[in-house]
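# Fold and contact review
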Amino acid sequence: MKRLTTLSLILGFNLAVLAADTNTAAWLTRPLSLADALNTALLQNATILKAKNDLEASHGLVVQTRAVALPQVTATGQYKYTDPDAIEGFFVGSTQPNENWNASIQIVQAIYEGGKLRAAIKAADATKQQALAQYQTSVADTLLAVRLAYYDTLLAGQQITVHEASVTLLQKELEDQQHRLDAGTVPKFNVLRAEVAVANERPNLIRAKNQYRIAKNNLANLLGYNLPREIWENIPLNLTDALEAAPYEVNLPDAIQQALTRRTELTALRKQVELNQLNIINAKSGYKPTVSVFAGYGWYNAQFTKPMELDHDINGWSAGAQMSWNIFDGMLTRGKVIQANSQYARARTDLADQSRQIELAVRTAYSDFLEAKEVLDSQAKVQEQADEALREAKARTDAGTGTQLDVLDAETSLTQARTTQILALHDYTAARAKLERAVGTDLAPAK
């Protein structure tokens, strides 16, 4: 698994191939491995796409934050025509132009704003990193959901196989008892008991098929597929991976430390603490003066020289510095400082609380993983033993030392053993995926 760090990783996937399959019937039946499912989700899942839009929008916020520290360039211009009768001269016989124009360009650079300029540059960088961390959190959560949905679909398919095998076994037992009844070696009660056993197992098969349909619908939705309307029930997804109990070792103290270091939720909160600390500097800047420098060039038509044509203009440079200082602003700055301090304290509390929650999540996921591993280990030979028990029950019945009830009980036990084993295998893989997410191990597939 390759660590997901930036948006460039996602753009590296083969978009052209997947896009060619989108909204066509081909993608429904093409082989779909777990890695393919994760790659598809990265490109099409709605949650990831919205998170990507939020990440792009945050870039605009970064630009806005930095704007206060950059020079401002403005250009102005005006043309004005006035009715000559509405113009009053300075003395009898004097005239003034009734057409006026002016234009100018000016650059202004703030050089001191009480620490706000430096804080703006730092805030822009913190905002960028926070947005990226939030994006990575959305991606990791969505990939975990896809992984679990893939496992659920595999489980549902296996459950159909188990219950179909169970129905087949019970149906054979019914046929055998019917033959024995026809031969006069068993009572009608044996046939009725076998019929009841078959009837009791069929609803389990029906439920398993329904769970399989639901699981595939859920997986298709997470993958961002637009299902053709002509597909009513069975989505023909062709999953190629299987549930596997790959060994996985984890040291709990190391896992907790890794989670506290790598979880992007904490990264985002740390950046929020930094941003709120910078907001205190911004608030306190209201107590201090602001200083800026400016330079510009202007043009305007002559007013008091002859001839007073529009093309007779005056132009030149201007430059200077300006300072302003709010000596008293009605306690506005003090209110902003109080608010900023409170928000900073709240952000630190959120960070500490989230750290505890993540540690709890790691401990819980670790405990669930241990349980799943122990259950899986306990089922290592159960199915083999159940198969053997069924063979012995049938042999004893054929020899006349056993009963039909022994066979039915053995068949039920075999079905339960098979069901428990696939559930244990599913729970193990799911628990491992959740533990990896809790620890902060990225779930992005390798290219």
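Before reading on, note that the structure itself is shown above.
The rules we used
- Residues numbered from 1 in each chain as written.
- Predicted model: local features only at pLDDT ≥ 70, side-chain atom pairs only at ≥ 80, totals over all residues.
- Heavy atoms only, no water.
- Phe/Tyr/Trp six-rings, centres within 6.5 Å; stacked < 30°, edge-to-face > 60°.
- Helix = DSSP H or I, 4+ residues; strand = E, 2+ residues; numbered from the N terminus.
- Buried < 20%, exposed > 50% of the residue type's maximum accessible area, 1.4 Å probe, protein only.
- Patch = residues over 30% accessible without salt bridge, like charges linked within 9 Å, V, L, I, M, F, W, Y side chains within 5 Å.
- Areas by Shrake-Rupley, 256 points an atom, 1.4 Å probe, with all protein chains shown as cover.
- Salt bridge = Lys/Arg side-chain N within 4 Å of Asp/Glu carboxyl O.
- Lys, Arg positive; Asp, Glu negative; His and termini not counted.
- Charge placed at Lys NZ, Arg CZ, Asp CG, Glu CD.
- Pairing = 2+ DSSP bridges.
- Axes fitted to C-alpha atoms, helices over the stretch in contact; angles between N-to-C directions.
- Polar contact = N/O pair within 3.5 Å; in protein donor to acceptor, adjacent residues only side chain to side chain.
- Contact = heavy atoms within 4.5 Å.

Under the criterion given, the structure shown has 4 aromatic pairs. Here tyrosine 297 and tryptophan 317 contribute two aromatic rings whose centre-to-centre distance is 4.7 Å and whose plane-to-plane angle is 75 degrees, an arrangement assigned as edge-to-face. One end of the pair, tyrosine 297, is in strand β5 (residues 290-301); the other, tryptophan 317, is in strand β6 (residues 313-324), with 20 residues separating them in the sequence. The class for tyrosine 297 is buried, based on a relative accessible area of 19%. Grouping aromatic residues by their ring pairs yields a cluster made of Tyr248, Phe369 and Tyr428.

For the rest of this paragraph, the subject is a negative patch on the surface. Side chains of Asp368, Glu371, Glu374 and Asp427 sit close together on the surface and give a patch of like negative charge. Sorting elements by how many residues they give to the negative patch places helix α10 (residues 332-378) first, with 3 residues. Position of glutamate 371 relative to the elements: it lies in helix α10.

The next point concerns the sheet that holds β5. Taken in spatial order, the 4 strands of this open sheet run β2-β3-β5-β6, and their pairing is antiparallel. The open sheet has two free edges, formed respectively by β2 (72-81) and β6, since each of these has just one partner strand. Put simply, the sheet's adjacent strands are angled 15 degrees from each other on average, direction ignored. Pairing geometry for β2 and strand β3 (residues 99-112), over 10 bridges, is antiparallel. For lysine 80, the partnering residue across the bridge sits in β3 and is asparagine 100.

Along the chain, glutamine 177 turns up in helix α6 (residues 116-183). A relative accessible area of 2% means that glutamine 177 is categorised as buried. Within the structure, the side chain of glutamine 177 is placed 2.8 Å from the side chain of glutamate 173, a separation counted as a polar contact.

Here we take up the pattern of salt bridges. Applying the stated criterion across every chain, the model contains 10 salt bridges. Two residues, glutamate 265 and arginine 437, come together in a salt bridge whose shortest N-O distance is 2.9 Å. Placement of the pair is glutamate 265 in helix α9 (residues 264-284) and arginine 437 in helix α12 (residues 404-439), with a sequence separation of 172 residues. The partner of lysine 373 in a salt bridge is aspartate 377, and the shortest N-O contact between them spans 3.4 Å.

Before going further, it helps to spend a moment on a nonpolar patch on the surface. A cluster of nonpolar residues, Met323, Trp325, Ile327, Phe328 and Met331, forms a patch on the protein surface that exposes about 660 Å² of accessible area. Within the secondary structure layout, isoleucine 327 lies in the loop between β6 and α10. With a relative accessible area of 75%, isoleucine 327 lands in the exposed category.

Our focus in this paragraph is the pairing of β5. Of the strand pairs in this sheet, β3 and β5 are connected by 10 bridges, and their pairing is antiparallel. Bridged to isoleucine 105 within β5 is tyrosine 297. Of the strand pairs in this sheet, β5 and β6 are connected by 12 bridges, and their pairing is antiparallel. Within β6, the residue paired with glycine 296 across the bridge is serine 318.

A few words on the side chain of serine 285. Checked against the element boundaries, serine 285 lands in the loop between α9 and β5. For serine 285, a relative accessible area of 6% puts it in the buried group. Polar contacts involving the side chain of serine 285 include one to the main-chain carbonyl oxygen of asparagine 282, which spans 2.4 Å. Residues in contact with serine 285, not counting those within four places in the same chain, are Glu113, Gly114 and Lys116.

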